[in-house]
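Secondary and tertiary structure notes
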Amino acid sequence: MILTELTFECFDNTTVSAVDRAINGLMDALRYNGQVLGREFPILMQEGQFQLRVVCPDEDALQPKFNSPQVKRALNQLSEACLTQPKVRLLGRDLNSEQAAPSTTPSWQVLYTTFVHTCSPLRCGDTLLPIPLYRLPATFNGDHKSVIKWQTEWQACDELQMAGASDAEFAGLNELENPQTRLFQRGWDLRGRIEYLTGIPTYYYQYRVGGKDKDSELARPCPKCGGQWRLETPLHDIFLFKCEACRLVSNLSWDFKLT
C-alpha cells in the first residue's frame, strides 16, 4: 500500500465547517470506491492549507480515470468550500500493509478478510494479494460501497468472536459460518455480482472454528450443496476446502492443526 499526502488550498474566505464537510465528503467517496483505505482521516490546518495523509492500495489509486461518479461530484463540490483540487504527493510504500496484486487477470479470486485487515477484501486466488476495488467495474450504484459495508460488518463480527468476552461472540461467529445468515448471504451474492462483472471465477470464504474432532472436520461437506469439497493440500496454507459449484472456500477448523 502507498502512503499519500493530499493538500487542499483556500482561494477565498471560508469556514472550518465548510472545509470539514467538503474534504470528508471527498474522503468518504474515495473510500467507498476503494481508492483510499481505512475510516479515519485526520486533517491538518496550516497557513491557509489543509493536509491529510491516507493509505492507497497502489500508486495509481487517485488517477482521475478511476473516479466514481460520487468522487467526481465530491471533487466538484470542493469549490463551494473555497478549496482547490487536491495536490497529490506519493510519500512511499507503507511497510505495515500488504502489496496490491498485480494488475493482471487472476485465474480466480476470493472475498476474504479479517478484522485486522484494512485492504481490499477481494483477493487474487493465485497469490492471495488484495485486488484494489477501483480496478473493477462498479459493483452497484457507481462504486463499491456495498462491498465496503459488507467488509465492515464482517470484520465487526470477526472481532467479537475473536475477543470471546461476551455472548455476542456466538452471534458474530454464526454470521461468519452459517450460510443462512444475512451477512453470509449478502457476501455470497456480492461475490456473484463481482464474478458477473469481471468474468473471473469468484469465491466466498466461510470462516470455520470449533467442531467435534479433526476427523469429522476433515470429512465435513460443502455447507451449500452437501458435496465433497476437501482439497488434497491447502491453498495458501488457509483454504483446505473448495467447492467449484457453490463458489465457496473454507479452512480446517482453527481448533485443529493442518499437520
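Residues numbered from 1 in each chain as written. Predicted model: local features only at pLDDT ≥ 70, side-chain atom pairs only at ≥ 80, totals over all residues. Heavy atoms only, no water.

A few words now on the sheet that holds strand β4 (residues 87–93). The strands that make up a sheet are held in pairs by hydrogen bonds between backbone atoms, and each pair lies either parallel or antiparallel. One open sheet holds the 4 strands; their spatial order is β2-β3-β1-β4, and the pairing between them is antiparallel. Here the strands that pair on one side only, and so sit at the sheet edges, are β2 (44–46) and β4. In this sheet, neighbouring strand axes are inclined to one another by 25° on average, regardless of whether the strands run parallel or antiparallel. When strand β1 (residues 2–9) meets strand β3 (residues 49–56), the two strands line up antiparallel, connected through 8 bridges. The residue of β3 that forms the bridge with Ile2 is Cys56. Helix-sheet contacts for helix α1 (residues 16–32) involve β1, β2 and β3, and the interaxial angle to β3 is about 20°. (Pairing = 2+ DSSP bridges. Helix = DSSP H or I, 4+ residues; strand = E, 2+ residues; numbered from the N terminus. Axes fitted to C-alpha atoms, helices over the stretch in contact; angles between N-to-C directions. Contact = heavy atoms within 4.5 Å.)

Moving on, we come to helix α3 (residues 145–163). The end-to-end C-alpha distance of α3, which contains 19 residues, comes to 27 Å, matching closely the 27 Å that a straight helix rising 1.5 Å per residue would cover. Turning to α3, its buried residues are Val147, Ile148, Trp150, Gln151, Trp154, Gln155, Cys157, Asp158 and Gln161. Contacts made by the buried residues of α3 are with α1, β5 (109–111), α4 (168–177), α5 (182–198) and β7 (202–206). Phi turns positive one or two residues past the end of α3, at Gly164, with a value near 60°. (Expected span 1.5 Å × (residues − 1). Buried < 20%, exposed > 50% of the residue type's maximum accessible area, 1.4 Å probe, protein only.)

Looking now at the side chain of Gln35. Its location among the elements puts Gln35 in the loop between α1 and β2. A polar contact of 2.8 Å, which involves the side chain of Gln35, links it to the backbone oxygen of Ala61. Apart from residues lying up to four places away in sequence, Gln35 is in contact with Leu30, Cys56, Pro57, Ala61, Leu62, Gln63, Phe66, Asn67, Ser68, Val71 and Tyr134. (Polar contact = N/O pair within 3.5 Å; in protein donor to acceptor, adjacent residues only side chain to side chain.)

A few words now on the pattern of salt bridges. Considering all chains together, one arrives at 11 salt bridges under this definition. Ionic pairing is found between Arg208 and Glu177, a salt bridge with its closest N-O pair at 4.0 Å. Placement of the pair is Arg208 in the loop between β7 and α6 (214–218) and Glu177 in helix α4, with a sequence separation of 31 residues. Of the two residues, Arg208 and Glu177, both sit in the buried class. For the salt bridge of Arg220 with Glu217, the shortest nitrogen-to-oxygen distance reads 3.3 Å. For the pair Arg220 and Glu217, one class covers both residues: buried. Taken together, the shared-partner salt bridges in this structure form one network comprising Glu177, Arg208, Glu217 and Arg220. (Salt bridge = Lys/Arg side-chain N within 4 Å of Asp/Glu carboxyl O.)

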